[in-house]
Amino acid sequence: MNYNNCWENYKVLGIDLMDCEPVIISREEYFLFHNIDRELYKILVIDLSREPDESLRIVALLLWLERIRYGNVVKSILSLPKILITAVADEALLCYNCVMDSNPTAPWFIDNVDLRVLRTIVNKPISLPILIGNRDLAIHGIAKTYDVCLRALSDIMKQAQIRNLAACIIRGMP
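Residues numbered from 1 in each chain as written. Predicted model: local features only at pLDDT ≥ 70, side-chain atom pairs only at ≥ 80, totals over all residues. Heavy atoms only, no water.

Student: Which residues make up the overall build of the protein chain, and what values go with them?
Tutor: A tally of regular secondary structure across the protein chain gives 10 helices and zero strands. Along the protein chain, helices and strands appear, N-terminal first, in the series α-α-α-α-α-α-α-α-α-α. Out of the 174 residues in the protein chain, the part that is buried amounts to 34%. Contacts in the protein chain between residues at least 24 apart in sequence constitute 72% of all its contacts with a sequence separation of at least 6. On the protein chain, roughly 11,000 Å² of surface is accessible, and the fraction owed to carbon and sulfur atoms is 57%. (Helix = DSSP H or I, 4+ residues; strand = E, 2+ residues; numbered from the N terminus. Buried < 20%, exposed > 50% of the residue type's maximum accessible area, 1.4 Å probe, protein only. Contact = heavy atoms within 4.5 Å. Areas by Shrake-Rupley, 256 points an atom, 1.4 Å probe, with all protein chains shown as cover.)

Student: Tell me about the packing of aromatic side chains, residues and numbers included.
Tutor: With the rule as written, the count across this model stands at zero aromatic pairs. Note that R38 overlies the ring of F31, its terminal NZ or CZ placed 4.0 Å from the centroid. (Phe/Tyr/Trp six-rings, centres within 6.5 Å; stacked < 30°, edge-to-face > 60°. Lys NZ or Arg CZ within 6 Å of the ring centre and 35° of its normal.)

Student: Run through helix α10 (residues 135–172), naming residues and quoting values.
Tutor: Here α10 contains 38 residues, and its C-alpha end-to-end distance of 41 Å is more than 12% below the 56 Å for a straight helix at 1.5 Å per residue. If you look at α10, its biggest bend is around 65°, right at L153. Looking at α10, one finds that the buried residues are A138, G141, I142, T145, C149, A152, L153, I156, M157, A160 and N164. Where the residues of α10 are buried, they touch α2 (27–33), α3 (35–47), α4 (52–67), α6 (82–100) and α9 (128–133). (Expected span 1.5 Å × (residues − 1). Bend = angle between axes of the 7 residues up to and from the residue.)

Student: Please give an account of the side chain of E91 that cites residues and values.
Tutor: By the element assignment, E91 lies in helix α6. It turns out E91 is buried and unbridged, and the closest side chain with the opposite charge, R116, is 6.9 Å from it. Within the structure, E91 has its side chain in polar contact with the backbone nitrogen of R116 (distance 3.5 Å). The residues contacting E91, other than those within four sequence positions of it, are D114, L115, R116, V117 and L118. (Lys, Arg positive; Asp, Glu negative; His and termini not counted. Salt bridge = Lys/Arg side-chain N within 4 Å of Asp/Glu carboxyl O. Polar contact = N/O pair within 3.5 Å; in protein donor to acceptor, adjacent residues only side chain to side chain.)

Student: Give a detailed account of the environment of I68, specifying residues and quantitative values.
Tutor: Among the structural elements, I68 can be located in the loop between α4 and α5 (73–78). Counting along the chain gives 73 residues from I68 to G141, while the straight-line C-alpha distance between them is 8.8 Å.

Now the structure itself:
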């Protein structure tokens, strides 16, 4: 997909986006729109005590998979027990790290990693070689969804960071 031609696609449909009135939505409406994404993020950072930044990357990758038609990934994950949510998160983080690494891990490792839980969720072929083979598209798409996640999850992220900081301070006290 050529992202530079997105504006042109609308013009072909007879829509000039420059003539459209901007729609302003409140923060609450934005959060409501991203309700299930927020639910998953809360499970990751609150219930499973995962790192907030890492969890943001996980959710961004999962939303990107939804965007490229891998189904209702987040909704499917929310129906799982927490032990399987942890497994999906671990696999998603591995995918994220391999895609973002400018020197991907050794081919023997990449070819032998089984994304069993994630593959079951999306019910389509997914593997590290597929993701790395589409690295440029993945990086661009995940970056866009990361920005969306940052806006949609910032309040929860802040709460989790404060909780983590407080826990560090308490542990550091004699």
